[in-house]
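Chain by chain, the residues run as shown.
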Amino acid sequence: MLAVLTWQVLVEGPLARLDERVSRELVDLVPRHVSELGADLGNMTAALPVLACAMAYAAWRGRRAQALFAGLSMALVPLLVIPLKEWTARPGPLEPWAAGYYPSGHTATAMVAYVGAALLVSNRLLPVAAVLTTLTGTGLILRGYHWPLDVLASLALCLPLLRWPVIAARYGRPSRSATDDPEQR
């Protein structure tokens, strides 16, 4: 999916042109202070403390590998997003003279931080993480900071990063011996 989105942006294909038309209709659909609140959820100052607290909690609970992989996933976000921004050099919806809007770093940060935190604390928090990520992407689009494809590309780019904490949780647990199993006693 990411390859198709990137190709469409690079060649200014039909999907990118549709993206730009849709975006023009969506910008300022709600008051700017409302869309700004959503967009701000993807700031490092908002998202990283949430992940850091969840990592500390997971480490305290003995899930150090899972916390480490969640942190590594977040560290990879700029390493993946920034080169793609430089390569595509896509202008912004409200700033056609500027470049580097594809993919959305704020959406990537929000997704990895909030979903990663939910995976570390409780899977029951995944819907909350999804809402926070959706609010971030929606706020960015409605405020005019990003095109919709910028947000979708970030989701596609970062989804694989969220597998690391899950894999660490699944395979990082010590195996249970027969003496640990209450039915074997």
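Scroll up to find the structure this text is about.
Numbering of residues starts from 1 in each chain and follows the order in which that chain's sequence is written. Residue-level local features of this predicted model are given only where pLDDT is at least 70; pairs of side-chain atoms are given and counted only at 80 or more, and the full residue set underlies all totals for whole chains, interfaces and linings. Calculation of side-chain values draws on the structure's entire complement of heavy atoms; hydrogens and water are dropped beforehand.

## A look at the overall build of the chain
Numbering of helices and strands starts at the N terminus; helices are DSSP runs of H or I of at least 4 residues and strands are runs of E of at least 2. From N to C terminus, the chain includes nine helices and zero strands. Reading the chain from its N terminus to its C terminus gives the helix and strand order α-α-α-α-α-α-α-α-α. Taking all 185 residues of the chain together, 42% fall into the buried category. Looking at the chain alone, contacts between residues at least 24 apart form 74% of all its contacts between residues at least 6 apart. Under the convention used here, a 1.4 Å probe and the Shrake-Rupley method define accessible areas, while residue burial counts only the protein chains that appear. Counting every atom, the chain has about 10300 Å² of accessible surface; 66% of that belongs to carbon and sulfur. Three labels apply to residues, based on accessible area from a 1.4 Å probe with only protein chains included: buried if under 20% of the type maximum, exposed if over 50%, partly exposed otherwise in between. Residue contacts are defined here by distance: any two heavy atoms, one from each residue, within 4.5 Å place the two residues in contact.

## A closer look at the nonpolar core
Counting 26 residues, the largest nonpolar core has L51, M74, V77, V112, V115, L120 and C158 as the members making the most contacts within it. Among the elements of the structure, helix 4 (44–60), helix 5 (64–88), helix 6 (105–121) and helix 8 (148–158) are those that each provide at least two residues to this core. Considering every element that reaches this core, the biggest residue donor is helix 6, with eleven residues. Ignoring anything within four residues of it in the chain, the contact list for V112 reads S73, M74, V77, A117, C158, L161 and L162. Definition of nonpolar core: a set of buried residues of the types Ala, Val, Leu, Ile, Met, Phe, Trp, Tyr and Cys, connected through side-chain atoms within 4.5 Å. If you look at the next biggest cluster of nonpolar residues, it comprises six residues, including L5, L84, Y102 and A153.

## With respect to helix 8
Where burial is concerned, most of helix 8 is hidden: eight out of the eleven residues are buried. In this structure, the buried side of helix 8 is in contact with helix 1 (2–11), helix 2 (14–26), helix 5, helix 6 and helix 7 (126–143).

## Some details on the packing of aromatic side chains
Classification of ring pairs rests on two measures: the distance between centres of Phe, Tyr or Trp rings, Trp counted by its six-membered ring, which must be within 6.5 Å, and the angle between planes, read as stacked under 30 degrees, edge-to-face over 60 and tilted in between. The final tally for this structure, using the stated rule, is one aromatic pair. Measuring from centroid to centroid gives 6.2 Å for Y57 and W60, while their planes differ by 45°, and the two rings are tilted. Here Y57 and its partner W60 are both found in helix 4, three residues apart, which amounts to about one turn of the helix. Overall, the relative accessible area of 30% leaves Y57 in the partly exposed class.

## What about the side chain of S104?
The residue S104 is located in the loop between helix 5 and helix 6 in this model. Residue class for S104 comes out buried when judged on its relative accessible area of 0%. Within the structure, the side chain of S104 is placed 2.9 Å from the side chain of T107, a separation counted as a polar contact. Not counting residues within four places of it along the chain, the set of residues in contact with S104 comprises K85, L140, H146, D150, V151 and S154. Polar contacts, as counted here, are pairs of nitrogen or oxygen atoms within 3.5 Å of one another; within protein the pair requires one atom able to donate a hydrogen and one able to accept it, and residues that are adjacent in sequence qualify only if both atoms are side-chain atoms.

## Focus on the packing of helix 3 (residues 32–40) against helix 7
Axis lines are fitted through C-alpha atoms, for helices just across the contact stretch, and the angle between N-to-C directions can take any value from 0 to 180 degrees. At their nearest, the axes of helix 3 and helix 7 sit 6 Å apart, and the two run at 140° to each other. Relative to helix 7, helix 3 is oriented oblique. Considering the relative orientation of helix 3 and helix 7, their crossing is left-handed. Contacts from R32, S35, E36, G38 and A39 of helix 3 reach helix 7 at L135, T136, G139, L140, L142 and R143. Throughout, the term roughly parallel applies to angles under 35 degrees, roughly antiparallel to angles over 145, roughly perpendicular to angles from 65 to 115, and oblique to all others. Should the near helix be turned anticlockwise from the far one by less than a right angle, the crossing is termed left-handed; should it be turned clockwise, right-handed.

## Observations regarding a nonpolar patch on the surface
A grouping of V4, W7, L10, V11, L15, L18, V22 and W87 is seen on the molecular surface, where their side chains present a nonpolar patch of about 750 Å² in accessible area. Sorting the residues of the nonpolar patch by element identifies helix 1 and helix 2 as the ones contributing at least two each. Judged by relative accessible area, L10 falls into the partly exposed class, the value being 35%. Patch membership requires over 30% relative accessible area and the absence of a salt bridge. Like charges are linked within 9 Å, and nonpolar side chains (Val, Leu, Ile, Met, Phe, Trp, Tyr) within 5 Å. Within this document, salt bridges are pairs made up of a side-chain nitrogen of Lys or Arg and a carboxyl oxygen of Asp or Glu, the two lying within 4 Å of each other.

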